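Analysis of the macromolecular model
Residue strings, one per chain:
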Amino acid sequence: MLKIRLIPVVLMRNGMVVQSKGFSRYQALGNASTIVGRLSNWSADELIYLDISREAKYDLRREDLNYPNRAEFEEIMVDIAKNCFMPLTVGGGIRTLDQVRQRLKAGADKVSVNSQAFRDPGFISAAAREFGSQCVVVSIDVRGVEGSGGWEVFIDGGKTATKKTAVEWAREVESAGAGEILLNSIDRDGMRRGYDIELIRAVTDAVRIPVIALGGVGEWTHFQEAIESGGARAVAAANIFQYTENSVHLAKTFLHKQGIDVRSPLIKTVTGREGTR
């Protein structure tokens, strides 16, 4: 059986890495290339890098040796790929097969698609045929439906309701050829209250492809709950990895001590050599 993966998520908005809360409040954290390099050294299994910008071009308002001004997402992605020594999934605004091709050429191993996949499920199938199912991650953002005990899928950065349930859409994306699902609870985003375990379990029971849990981590035990109670094959988080030194290493060490089948908690150097802490 494949090992459980621990995956940091880096959110970029208008050229800067941000902390997200409820898909509506954003706090700038710093330069993407520097943050990705640090996460890579902490022995993360993979990295998910999502551009949630509203504009296609942006200005970082600085031009110096360490932080050159970048006007487009693809330019920043090239910088990131140079510092990323782990599999890289890239998402945000992908609408065409050519955009998938561009991101893979720039250094991504997989792409994450969301709104376009919902509007045109055939896009999932086309991307899977062209690049392989293992390359296609469908991101599903959901909110709880009050009084029903269910979850509705939202697109356009959580702005547009679809009237489709998380379980229905998860089954459809699997049938269309997706290799993985990135399942994100908008209600839990940035709240630090833990994953929505019932949501994760409902989706993992409905599909055979791996489900990556996202949204709400505030402590290491939340990873364990998503794996043991939710059935997630990978656990992801964004905010918690930005504020604790060696946080990925500490999280993986915790999971390892709980008997969860994760890769050894090593810390890597920038040259790719590894050593225990």
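The rules behind the values
- Residues numbered from 1 in each chain as written.
- Predicted model: local features only at pLDDT ≥ 70, side-chain atom pairs only at ≥ 80, totals over all residues.
- Heavy atoms only, no water.
- Axes fitted to C-alpha atoms, helices over the stretch in contact; angles between N-to-C directions.
- Helix = DSSP H or I, 4+ residues; strand = E, 2+ residues; numbered from the N terminus.
- Parallel < 35°, antiparallel > 145°, perpendicular 65-115°, else oblique.
- Left-handed = near helix turned anticlockwise from the far one by under 90°.
- Contact = heavy atoms within 4.5 Å.
- Buried < 20%, exposed > 50% of the residue type's maximum accessible area, 1.4 Å probe, protein only.
- Core = buried A, V, L, I, M, F, W, Y, C linked by side-chain atoms within 4.5 Å.
- Pairing = 2+ DSSP bridges.
- pLDDT = per-residue confidence, 0-100.
- Salt bridge = Lys/Arg side-chain N within 4 Å of Asp/Glu carboxyl O.

Here helix 3 (residues 97–106) crosses helix 5 (residues 122–131) at 45°, and the two axes come no closer than 10 Å. Classed by the angle they form, the pair helix 3 and helix 5 counts as oblique. Two packed elements cross with a definite hand, and for helix 3 against helix 5 that hand is right-handed. Residue-level contacts link L97, V100, R101 and L104 of helix 3 to F123, A126, A127, E130 and F131 of helix 5.

Turning our eyes to something else, we now look at helix 5. Those residues of helix 5 not exposed but buried are F123, I124, A126, A127, A128 and F131. Contact partners of the buried residues in helix 5: helix 3, strand 6 (110–113), helix 4 (115–119), strand 7 (136–145) and helix 6 (166–176). A positive phi of about 100° marks G132, the residue just after helix 5.

On to the nonpolar core. Formed by 75 residues in total, the largest nonpolar core has its most connected members in Y49, I140, F223 and F241. Ignoring anything within four residues of it in the chain, the contact list for I140 reads N114, V153, W169, A170, V173, I181, L182, L183 and N184. Among the nonpolar cores identified, the runner-up in size contains 13 residues, and V18, I48, A234 and A236 belong to it.

Bridge analysis of strand 8 (residues 150–155) against strand 9 (residues 160–165) gives three bridges, and the strand direction is antiparallel. When the bridges of strand 9 are listed, E152 appears paired with T165. Between strand 8 and the antiparallel strand that follows it, strand 9, lie four residues; D156 among them carries a positive phi value of about 60°.

All right, on to the confidence of the model for the chain then. Caution applies to low-pLDDT regions: their predicted coordinates should not be interpreted in detail. Within the chain, residue pLDDT values average 85, and 84% of them lie at 70 or more. A low-confidence stretch, residues 270–277 (pLDDT under 50), is modelled with 13 contacts involving residues beyond four sequence positions or located in other chains.

The tally for this structure, following the rule as stated, stands at 13 salt bridges. Residue D45 pairs with R263 through a salt bridge whose shortest N-O separation is 3.5 Å. A residue pair is termed long-range when its members are at least 10 positions apart, and D45 in the loop between helix 1 (32–41) and strand 4 (47–51) and R263 in the loop between helix 9 (247–257) and strand 13 (267–268) qualify at 218 residues. For D45, a relative accessible area of 9% translates into the label buried. Across the salt bridge formed by R201 and D205, the nearest N and O atoms sit 3.0 Å from each other. With R201 and D205 both in helix 7 (residues 197–206) and four residues apart, the pair spans about one turn of that helix. Exposure remark for D205: the relative accessible area of 55% places this residue in the exposed category.

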